[in-house]
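Observations on the three-dimensional arrangement
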Amino acid sequence: MAEKNPIQPGPEGYIPTPASFQGCDLPPPGKALLYGEIVDEETAMREAAKALLTRKNPTIFPGPLVLWGWNADAMEKAKAVLELAMEIPNCRIIPMPDYRPKYPKIDPEAEINPNHPNLTILHNRIEVCIFVGVHCHYANLSLRMIRAGTNCYTIALCGEMGHEDAMVSLRDVHADEIRRFRDVLVEVRKEMGIEWEPKLPPENPSLPKEEWVKVSPLDFGEYAYLLIPRRGEIVEESE
Amino acid sequence: MGLEYVRISPGFEKYMPRDYVDLVKYGPFGKQVDVMQMGQFKELVEEHPMCAGCYMAYFIRVFYAALPNPEDTIVLGTAGCARLALSQAAVPFIYGNYGDTNAVASGLKRALSIRFPDKVKDVVVIAGDGGLIDIGFGMTMHSWFRREKFTTIMVDNEVYGNTGGQESGMSPKGIQLKMAPLGKKFDKINAVELAKTAGCVYVARISPTNPKRIAKTIRRAILAARHFGPTFIHAYTSCNIEYSIPTREVLADARKREKQDFKFYEWMTDEVKEFFEELERKEKQEVKK
């Protein structure tokens, strides 16, 4: 017998039992998943809205299907995501532009990488997030990692069949459905008495491009000698 | 894939990381960059975890700068050093199981030609000597026998560098390696002649000492594969760790090997030759205009 509401915010610990092994099925069309249970879309949307309005540092993680304007639908969906972001108080947008592994490291304030999403979530102390426009296989990977290692409440706005590993998962979500979710969120916000003037989230804080003309070897302090070797000296060690 | 995939959705420009904004603005997508301009445009691969002084990393950097159509290219690799940098580039990358890259590439190229009949999609396999000529030998050869239209590039470091230094079929005769102390008893496999016999329409052997020549060879291999059939490049990319080549001597080693057994060699069928003559004649005319 499956446990009731098995999919809760983590940390579940290393390699948590997959939601599908805990008896969670993907929702049929017109339904949604809430904590691993199939419910009405409206119920799931209201619960997701409450989490976004009450938990700390709400963040939207848009994936490549939204970030890149590869067709008219994607651009419309991107517009809807921005409209949603405007209505969530103190919301941030941290993008996932692609899935390539990035080593030695990423800038966790500027982007999220599906191969180690926990870095971005833990660094920014994100307690509730929305996945939208992330291809299913990488959304599954990331959502499970997030549930394993963080206390983040995950909401998956999926364009396909949904994700069992998210706390709230809506299916067949496109621009219109995102706008519907936005309306529900605004309604819940008003019910909760939260005052908020819609505004766009802050811009990406990526470091400005290094301007090499302005960088002096002296900026490198004790490592300056690595940049200006003495005459005839060949530097082999870089660390 | 395609230029529309490197266009940021309206409104999201200020939410993208700087890296991607630069890639769209100053990257090589949709334009023909010259490899000699490297450093003046945003390159497709920048950070990578390969060893300091790795010549393969240099070759891969030049490879990405030389792609004729980066927005419509898919790169395949397999276990080995090369994939460490390949997987971090801003070009779609598929990691094949060890040895099956050319089989995956065959299916991929066929699928792309069905899915996008009006578009040019380039498929390039870059794998090491182990992945292509040792363990992947059968699949590599059969893709050539079947005349599959994609490019195969062997980055030959003459050793299994990732796993501690076992000898490969491409290690030179007599060489002693960390995990092969008795010395190799057989000759290096003549991959270039094999490729010619197996049906490749363009074959080249190169020691990457001259970036302009590397770029030209890669471009030719990709263009020939697009129109005629399989193409193959055998590139010497030394393993400075397993062969204990001091970092400062890596280029000198490449030059030395170029004089010994990696002299630049290029072979193509008559129709490919005609194609390039025509293409280069047109390009010269355009430059004159």
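Residues numbered from 1 in each chain as written. Chains lettered and ligands numbered in written order. Predicted model: local features only at pLDDT ≥ 70, side-chain atom pairs only at ≥ 80, totals over all residues.

**Comments concerning the interface of chain A and chain B**
Across the contact, 29 residues belong to chain A and 23 residues belong to chain B. Where the side of chain A that touches chain B is concerned, the elements lending two or more residues are helix H2 (64–67) and helix H3 (72–87) of chain A. Ranked by the residues each element gives to the side of chain A that touches chain B, the list is headed by H3(A), at five residues. Looking at the side of chain A that touches chain B residue by residue, the classes come out as 17 nonpolar, four polar and eight charged. (Contact = placed C-beta atoms within 7 Å. Helix = DSSP H or I, 4+ residues; strand = E, 2+ residues; numbered from the N terminus. Nonpolar A, V, L, I, M, F, W, Y, C, P; charged D, E, K, R; others polar.)

**Focus: helix H6 (residues 175–191) of chain A**
Residues and elements named next belong to chain A. In this model H6 runs 25 Å from its N-terminal to its C-terminal C-alpha over 17 residues, within 8% of the 24 Å that 1.5 Å per residue would give. Within H6, the full set of buried residues consists of Ile178, Phe181, Arg182 and Leu185. Mapping the buried residues of H6 onto a view down its axis gives an arc of 105°, with all of them on the same face. Along H6, exposed side chains directed more than 90 degrees from the buried face belong to Asp176, Lys190 and Glu191. Elements that come into contact with the buried residues of H6 comprise helix H1 (41–54), H3 and strand S6 (153–157). (Expected span 1.5 Å × (residues − 1). Buried ≥ 20, exposed ≤ 12 C-beta atoms within 10 Å, placed from the backbone. Arc of directions from axis to C-beta.)

**Observations concerning the environment of B:Gly229**
Residue and element names in this part refer to chain B. Structurally, the position occupied by Gly229 is in the loop between helix H8 (211–227) and strand S6 (231–236). Under the C-beta neighbour-count criterion, Gly229 is labelled buried, with 20 such atoms within 10 Å. Counting along the chain gives 29 residues from Gly229 to Cys200, while the straight-line C-alpha distance between them is 6.6 Å. Apart from residues lying up to four places away in sequence, Gly229 is in contact with Arg147, Lys149, Gly199 and Val201.

**Let's talk about the confidence of the model for chain B**
Here chain B shows a mean pLDDT of 93. Residues at 70 or above account for 100%. Scored as a whole, the predicted complex attains pTM 0.88, and scored at its interfaces, ipTM 0.87. (pLDDT = per-residue confidence, 0-100.)

**Looking at the sheet that holds strand S1 (residues 73–77) of chain B**
Residues and elements named next belong to chain B. In space, the seven strands of this open sheet follow the order S2-S1-S3-S4-S6-S5-S7, with mixed pairing throughout. A single partner strand is all that each edge strand has here, and the edge strands are strand S2 (93–95) and strand S7 (265–268). With strand direction ignored, the average angle separating the axes of adjacent strands in the sheet is 15°. Bridging between strand S3 (residues 122–128) and strand S4 (residues 151–156) involves five bridges; their strand directions are parallel. By the bridge assignment, Ile126 is partnered in S4 with Ile153. (Pairing = 2+ DSSP bridges. Axes fitted to C-alpha atoms, helices over the stretch in contact; angles between N-to-C directions.)

**Topic: the sheet that holds strand S2 (residues 37–40) of chain A**
Residue and element names in this part refer to chain A. The mixed open sheet is built from seven strands, whose spatial order is S2-S1-S7-S6-S5-S3-S4. For this open sheet the edge positions go to S2 and strand S4 (92–93), each flanked by a neighbour on one side alone. In terms of strand pairing, strand S5 (residues 128–132) meets S6 through five bridges, oriented parallel. Along S6, the bridge assignment pairs Phe131 with Ala156.

**A closer look at the packing of H1(A) against H6(A)**
All names here are of chain A. Their axes nearest at 9 Å, the elements H1 and H6 cross at an angle of 60°. As far as their axial angle goes, H6 and H1 are oblique. For the pair H1 and H6, the crossing hand works out as right-handed. Between H1 and H6, the contacting residues are Met45, Arg46, Ala49, Lys50, Leu52 and Leu53 on the first element and Phe181, Val184, Leu185, Val188 and Arg189 on the second. Of the residues contributing to the contact of H1 with H6, the split by class is eight nonpolar, no polar and three charged. (Parallel < 35°, antiparallel > 145°, perpendicular 65-115°, else oblique. Left-handed = near helix turned anticlockwise from the far one by under 90°.)

**Focus: the environment of A:Glu41**
All names here are of chain A. Position of Glu41 among the secondary structure elements: in helix H1. Remark: the alpha-carbon pair of Glu41 and Gly23, spanning 18 residues in sequence, is separated by 20 Å. Discounting residues that sit within four places of it in the chain, Glu41 has contacts with Gly30, Lys31, Ala32 and Leu170.

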